[in-house]
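Architecture at a glance
Letter by letter, the chains look like this.
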Amino acid sequence: MTMGSTSSDQQQKQLLSKIATNHGHGEDSSYFDGWKAYDNNPFHPIQNPNGVIQMGLAENQLGFDLIEDWMRRNPQASICTAEGVKEFKDTAIFQDYHGLLAFRQAVAKFMGKVRGVTFDANRIVMGGGSTGANEMLTFCLADPGDAFLIPSPYYPAFDRDLRWRTGVQLLPVVCESSNDFKITKDALEVAYQKAQEANINVKGVMITNPSNPLGTILDRETLQSIVSFINEKNIHLVCDEIYAATVFDEPKFISIAEIIEGDDTCNRDLIHIAYSLSKDMGFPGFRVGIVYSYNDEVVNCARKMSSFGLVSTQTQHMIASLLSDDMFVERFITENANRLAKRYKIITGELRKVGIGCLKSNAGLFCWMDLRKLLKEPTVEAEMELWRVIIHDVKLNVSAGSSFHCSEPGWFRVCFANMDDETMKVALKRIQNFAIRRKPFRSNLRLSFSARRMDEAIMSPCIMSPRSPLVSART
Amino acid sequence: MAIEIEQPSVGLSRVAVSETHGEDSPYFAGWKAYDENPYDEVKNPSGVIQMGLAENQVSFDLLEEYLEQNLESSTWGNGNSSFRENALFQDYHGLKAFSKAMASFMEQIRGGRAKFDPNRIVLTAGATAANELLTFILADPGDALLVPTPYYPGFDRDLRWRTGVKIVPVHCNSTNNFQVTPEALEDAYSKAQAMNIKVRGLLITNPSNPLGATIQRSVLEEILEFVTRKNIHLVSDEIYSGSVFSSSEFTSIAEILEVQKYRNAERVHIVYSLSKDLGLPGFRVGTIYSYNDQVVTTARRMSSFSLVSSQTQNLLASMLSDSKFTENYIRTNRERLRKRYELIIEGLRKAGIECLKGNGGLFCWMNLSPFLDKPTREGELDLWNSIVQEVKLNISPGSSCHCSEPGWFRVCFANMSEQTLEIALKRINDFMEKRKRSWLLFSNL
């Protein structure tokens, strides 16, 4: 594909910007090695039954039959059908960055249904997927060199989305398994102090709720304590609620919107929500990113910036139609949650059978699997070694905790909503066989656990979830 | 009693509080006048006619006809991807069928005089995103791109706002029909050097907005020679390439590179979009075509922030790979735009107004410099104000396009019906008649 004269790479590099030639795109991270293994040898039930099963992709494929059925019954939602083509011209010409009113209203209504709070359609701003929305918020709130505090473990691509072109830094707020990775005021203060000492200007806190990769939601106390922290420091709070409608079990989801509604002391100018339809609806291809800010200046600025990532009006038109159908939306939200709950039960149940625990979670498209006792030693290198075994021998692309900046080695994110039931069964079988074969290395565990004796596995307390009092007494 | 301590309003970023978004320019005051009093044939016949919007509405019937005849192939199923596959598709390489279709559409527009490799196509949400993206890749904050004047006002935002890159203008004037000259290029480059600013590239728009004219082959060759000598990039925004009235009059930089067997091509990048030629600005379909492998790779990664909706890619893949349709569309669209252009030129000439000789685009470059009270920017804005308020036409003053000569205005003609255009021309004619009479009166006092 190389055209033109062959100049040296070095000379080439100098011709491009620093942003273009640094590693800010993030694709050199190990996160992507598993993808490469999958791309080179993808599982197919018939054509390639020994291929790598993709469990590193947080996609929601469980609700498409409901949506496709709706599409068939509502052809006017598409501007390429006989019923919808009369809207083609007006839709194709419309490039106003406010977005179609019907689109904004439908999205606001949908967000409201999921959270039990009212959202103002005039605060809805479009972004190029949540990737574009998160970057856009960062451009609005922080200057190059400024920093956002971000609880770890966190979504790997934030390193690119929030930092690459913005020049903003990310400082982790370390969360640990000893308290189920909750975000504590202490951890926030520690991170903030570290930044002060290093002369780094902290502009805000970035949280993802429900969490990726944990799949847990923030409880009211934690949210309130974060709100009081940011008010005290007078810094921004960005809440990425992209998984809001994937909450499939108690406790109920609490949006930051709900917290500030009941709080007169919070400075609303500090509160911003990033959202998208990529996970809740399963529409990553449609690039529907949303910025919702309680700060008028940010709404205005973000709206102007959204010119760089507007949602195709063809898609706006369809979404407006789909999400304004109350009956469909209500049914979808419920059914989506049911199906996710079912998957979660199956996967955690089967893992438990072979002594593998997961963090107790109630949301997201994945579970946070605990393989600490299978590590040779509690190090990142050992985690990588185990990961390579899982990818190349067990042939599952799961995501290693270190790629999420998890401070404790041995955790892995396993996606479960991006495949059909049969593939899920195959994947679970593989994990179970692997767990049986691989002895736990950690000799400091109280019980010596013979991995080959499956019935004993169920009795052993060391396989209980990390919340087991026995485990916490030991650590 | 609680003591109220006033909280300092927490800062936003410098980018957020700057005015580089450009919306405070007078360019937008005309829009305001239109928004507050928009013309409607029936409901508001004395309202402001929008002639500041470079939209192509003359060929929609062709698109609608295509859709009506190909309903099934534009939607899901029937050989195309299913809804599910489409909804999940977020690969920044783009739908293969769509990249292929874009490449062949771009080839057709250029009469087959240049080949485009689908693997070099990077998709972005509109040319707005494409131009910004390229700037992020080619220049560091504080560096500059050279841009010939007059230029599209949106560049001030697209190239500079979030990137921190500067624009150094290459001044063109009416003595040679506003063509770019080697002297003007050198002059701009030296000016940048004197200010200690590093020039990373030159961005040209061909055909030009706002001039509505193509860049001549000889000028393109001079430009290529200049950027090679300075070792900088060349971005050619060819967003209006399908709107040139006669195919033979447009020379794409791609053609010149092909003739030169792609020597020095890796400094050249082409921007394109379907917003103007196909009249689909709402769909956000832009593309970067680069001859530089590293730029292609990096641009593709960066496009994650502004991908084209897979739903839209799916629709357009079938439309643009139907070569019978695209050939007919390109030919008919050119013809209709040419007719519109002739209509407006004739109408303006009758009113005593001359325009730059144009051969493409959705607008003409009107010369009102003989009618300015003062040959200054203020004089131009005064006249513009009269046109917006009294004549009730929103046209774009040359100063908003950074034109160095006052008195020129960009007038769009493809975003309205023929009837509306006739009415606009009548209003201009009446305005000019009135001015002539009052000038005669004044000169007879």
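One structure accompanies this document, and this report is about it. (Residues numbered from 1 in each chain as written. Chains lettered and ligands numbered in written order. Predicted model: local features only at pLDDT ≥ 70, side-chain atom pairs only at ≥ 80, totals over all residues. Heavy atoms only, no water.)

What follows covers the overall build of chain B. If you tally the helices and strands in chain B, you get 16 helices and 13 strands. In summary, chain B has a C-alpha radius of gyration of 23 Å against a globular reference of 22 Å for 445 residues, a match within 12%. Projected onto its principal axes, the C-alpha positions of chain B cover 75 × 75 × 60 Å. In chain B, the share of contacts with a sequence separation of at least 24, taken over all contacts with a separation of at least 6, comes to 75%. When the accessible area of chain B is evaluated, it comes to approximately 17600 Å², of which 51% is carbon and sulfur surface. Counting 47 positive and 54 negative side-chain charges, chain B places the averaged centre of each group 3 Å from the other. (Helix = DSSP H or I, 4+ residues; strand = E, 2+ residues; numbered from the N terminus. Rg over C-alpha atoms; globule rule 2.2 N^0.38 Å. Contact = heavy atoms within 4.5 Å. Areas by Shrake-Rupley, 256 points an atom, 1.4 Å probe, with all protein chains shown as cover. Lys, Arg positive; Asp, Glu negative; His and termini not counted. Charge placed at Lys NZ, Arg CZ, Asp CG, Glu CD.)

In this section: the sheet that holds strand 12 (residues 396–397) of chain B. By way of backbone hydrogen bonds, the strands of a sheet pair with one another, either parallel or antiparallel. Residue and element names in this part refer to chain B. Spatially, 9-10-13-12 is the arrangement adopted by the 4 strands of the open sheet, whose pairing is antiparallel. Of all the strands in the sheet, the pair left with one neighbour each is strand 9 (354–355) and strand 12. Relative to strand 13 (residues 408–412), strand 10 (residues 363–367) runs antiparallel, the two sharing 5 bridges. By the bridge assignment for strand 13, Trp365 is matched with Arg410. Strands strand 9, strand 10 and strand 13 of the sheet are contacted by helix 14 (residues 323–350), whose axis makes an angle of about 15° with strand 10. Contacts from helix 15 (residues 377–391) reach strand 12 and strand 13 within the one sheet, and its direction differs from that of strand 13 by about 35°. (Pairing = 2+ DSSP bridges. Axes fitted to C-alpha atoms, helices over the stretch in contact; angles between N-to-C directions.)

Moving on, we come to the packing of helix 4 (residues 64–73) of chain A against helix 14 (residues 326–353) of chain A. Residue and element names in this part refer to chain A. Helix 14 packs onto helix 4 with a crossing angle of 160° between their chain directions and a minimal axis gap of 10 Å. By the criterion of interaxial angle, the relationship of helix 4 to helix 14 is roughly antiparallel. In contact with Asp65, Leu66, Ile67 and Trp70 of helix 4, helix 14 contributes Phe328, Arg331, Phe332, Glu335 and Arg339. (Parallel < 35°, antiparallel > 145°, perpendicular 65-115°, else oblique.)

Residues and elements named next belong to chain A. Within the secondary structure, Asn397 is located in strand 11 (residues 396–397). The class for Asn397 is buried, based on a relative accessible area of 1%. Setting aside anything within four residues of it in sequence, one finds Asn397 in contact with Gly34, Trp35, Val52, Ile53, Gln54, Met55, Gly56 and Ile391. (Buried < 20%, exposed > 50% of the residue type's maximum accessible area, 1.4 Å probe, protein only.)

Before going further, it helps to examine the pairing of strand 8 (residues 288–293) of chain A. Residues and elements named next belong to chain A. The element strand 8 is largely enclosed, with a buried count of 6 among its 6 residues. Both faces of strand 8 are covered, namely the face carrying Val288, Ile290 and Tyr292 and the face carrying Gly289, Val291 and Ser293. Bridge count for strand 2 (residues 124–128) against strand 8 is 5 bridges, and the pairing is antiparallel. Bridging across to strand 8, Met126 finds its partner in Ile290.

We now examine the sheet that holds strand 4 (residues 169–174) of chain A. Residue and element names in this part refer to chain A. Pairing is mixed in the open sheet, where 7 strands are placed in the order 2-8-7-6-5-3-4. The sheet is open, and its two borders are formed by strand 2 and strand 4, each paired with just one other strand. In this sheet, neighbouring strand axes are inclined to one another by 25° on average, regardless of whether the strands run parallel or antiparallel.

What follows is about the pattern of salt bridges. According to the stated counting rule, one finds 46 salt bridges over all chains in the structure shown. Across the salt bridge formed by Glu258(A) and Arg220(A), the nearest N and O atoms sit 2.8 Å from each other. Within this pair, whereas Glu258(A) is found in helix 11 (residues 256–261), its partner Arg220(A) is found in helix 10 (residues 220–233), the two being separated by 38 residues in sequence. For Arg220(A), a relative accessible area of 32% corresponds to the partly exposed category. One network of salt bridges, in which partners are shared, links Lys18(A), Asp140(B), Asp143(B) and Arg200(B). (Salt bridge = Lys/Arg side-chain N within 4 Å of Asp/Glu carboxyl O.)

Before going further, it helps to examine the interface of chain A and chain B. The interface of chain A with chain B comprises 80 residues on the first partner and 77 residues on the second. Together, the buried faces of chain A and chain B total about 7300 Å²; carbon and sulfur atoms form 59% of this surface. The interface formed by chain A and chain B holds 3 salt bridges in total. Across the salt bridge formed by Asp140(B) and Lys18(A), the nearest N and O atoms sit 3.6 Å from each other. Joining chain A to chain B, the criterion identifies 22 residue pairs in polar contact (both at pLDDT 80 or more). Secondary-structure elements contributing two or more residues to the side of chain A that touches chain B are helix 1 (9–15), helix 2 (18–21), helix 4, helix 5 (88–93), helix 7 (129–141), helix 8 (158–161), helix 12 (296–305) and helix 13 (313–323) of chain A. Broken down by element, the side of chain A that touches chain B gets its largest block of residues, 7 residues, from helix 7 of chain A. Residues belonging to the side of chain A that touches chain B are distributed by class as follows: 37 nonpolar, 28 polar and 15 charged. (Buried area = accessible area lost by both parts, 1.4 Å probe. Polar contact = N/O pair within 3.5 Å; in protein donor to acceptor, adjacent residues only side chain to side chain. Nonpolar A, V, L, I, M, F, W, Y, C, P; charged D, E, K, R; others polar.)

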